[in-house]
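Examining the three-dimensional arrangement
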Amino acid sequence: MCWGVAAAQAGLGVISSVMGARAQSKAVAAQAQAAITSMNRDFMNLEIQRQDAFDATVQEITKTRLNAAQVNASVQVAINEDLGDSNTGRLLMRSVQADEARNVSALKDQYTAKSNEIDLNKESSLLSTKSYIASIPKPSSGAVLMNIASNVMGAYTSAKTEQYKAKSAGMDWDYWKGPIKKG
């Protein structure tokens, strides 16, 4: 093997190493992009859940207030018929109004808890995605350089081995042509 062949062998090894590192970098970027896309879909789903919970809470509050208004009207009629404007009548009305306020407050608290749960799920998804992206093995420039050096040294060693074989066989050595018979 002459030095030209060894140089070509080393050059191909270097090109192969660089192209392999570039392909690995693209694969890492694609994995990271896929993880981010998945996280964004999770975020959208969680926001849809939040909107659904809000809509359901508004419906429940409206229903609770409507029911309370009906109960208030019924209690007011009963009070006016039986008790008139008395302390007992006013206490019954305040009790009905307090029930309405407690029910509405409980519905608002349920929505707040659901919204907080969604925020925690989003945070968890974000941290999980960051952790996943950080754990993707990235191509090391040191490893690429070591691979290039290994290819160059392998080609150099092959050429030198051929040179020593030729010399030990009693042949001359031409760096461009390889072994040449004497004479």
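Residues numbered from 1 in each chain as written. Predicted model: local features only at pLDDT ≥ 70, side-chain atom pairs only at ≥ 80, totals over all residues. Heavy atoms only, no water.

Looking only at helices and strands, the protein chain features 3 helices and 2 strands. Moving toward the C terminus, one meets the helices and strands of the protein chain in the order α-α-α-β-β. Its C-alpha radius of gyration of 40 Å places the protein chain more than 25% over the 16 Å reference for a compact globule of 183 residues. Dimensions of the protein chain along its principal axes, counting C-alpha atoms only, are 140 × 20 × 15 Å. Out of the 183 residues in the protein chain, the part that is buried amounts to 24%. (Helix = DSSP H or I, 4+ residues; strand = E, 2+ residues; numbered from the N terminus. Rg over C-alpha atoms; globule rule 2.2 N^0.38 Å. Buried < 20%, exposed > 50% of the residue type's maximum accessible area, 1.4 Å probe, protein only.)

Nonpolar side chains collect at one region of the surface, where Leu 12, Ile 15 and Met 19 lie side by side and expose about 330 Å² of accessible area between them. Mapped onto the secondary structure, Ile 15 falls in helix α1 (residues 3–83). (Patch = residues over 30% accessible without salt bridge, like charges linked within 9 Å, V, L, I, M, F, W, Y side chains within 5 Å. Areas by Shrake-Rupley, 256 points an atom, 1.4 Å probe, with all protein chains shown as cover. Salt bridge = Lys/Arg side-chain N within 4 Å of Asp/Glu carboxyl O.)

Here we come to helix α2 (residues 87–135). Between its first and last C-alpha atoms α2 spans 71 Å; for 49 residues at 1.5 Å apiece the expected length is 72 Å, and the two agree. By the burial criterion, the buried members of α2 are Gly 89, Met 93, Val 96, Glu 100, Val 104, Leu 107, Tyr 111, Ser 115, Ile 118, Lys 122, Ser 125 and Thr 129. (Expected span 1.5 Å × (residues − 1).)

Counted under the stated rule, the structure contains 5 salt bridges. Put simply, Glu 47 and Lys 122 hold a salt bridge, and the shortest N to O gap is 2.7 Å. Separated by 75 residues along the polypeptide, Glu 47 in helix α1 and Lys 122 in helix α2 bring together distant segments of the chain. Classification of Glu 47 as partly exposed rests on a relative accessible area of 33%. Between Arg 102 and Asp 99 there is a salt bridge, with its nearest N and O atoms 2.1 Å apart. Taken as a pair, Arg 102 and Asp 99 lie in helix α2 at a separation of 3 residues, close to a single helical turn. According to the relative accessible area criterion, Asp 99 is partly exposed, its value standing at 34%. Bridged by salt links that share partners, the residues Glu 47, Arg 50, Asp 119 and Lys 122 form one connected network.

Glancing now at helix α3 (residues 141–168). Look at α3: 40 Å from first C-alpha to last across 28 residues, which is about the 40 Å you get at 1.5 Å a residue. When α3 is considered as a whole, its buried residues turn out to be Val 144, Ile 148, Ala 155, Ala 159, Lys 160, Gln 163 and Ala 166. Looking one or two residues beyond α3, the residue adopting positive phi is Gly 170, at roughly 85 degrees.

Attention now moves to the side chain of Thr 64. When you line up the elements, Thr 64 lands in helix α1. With residues up to four places along the chain from it excluded, the contact list for Thr 64 reads Glu 100, Asn 103, Val 104 and Leu 107. (Contact = heavy atoms within 4.5 Å.)

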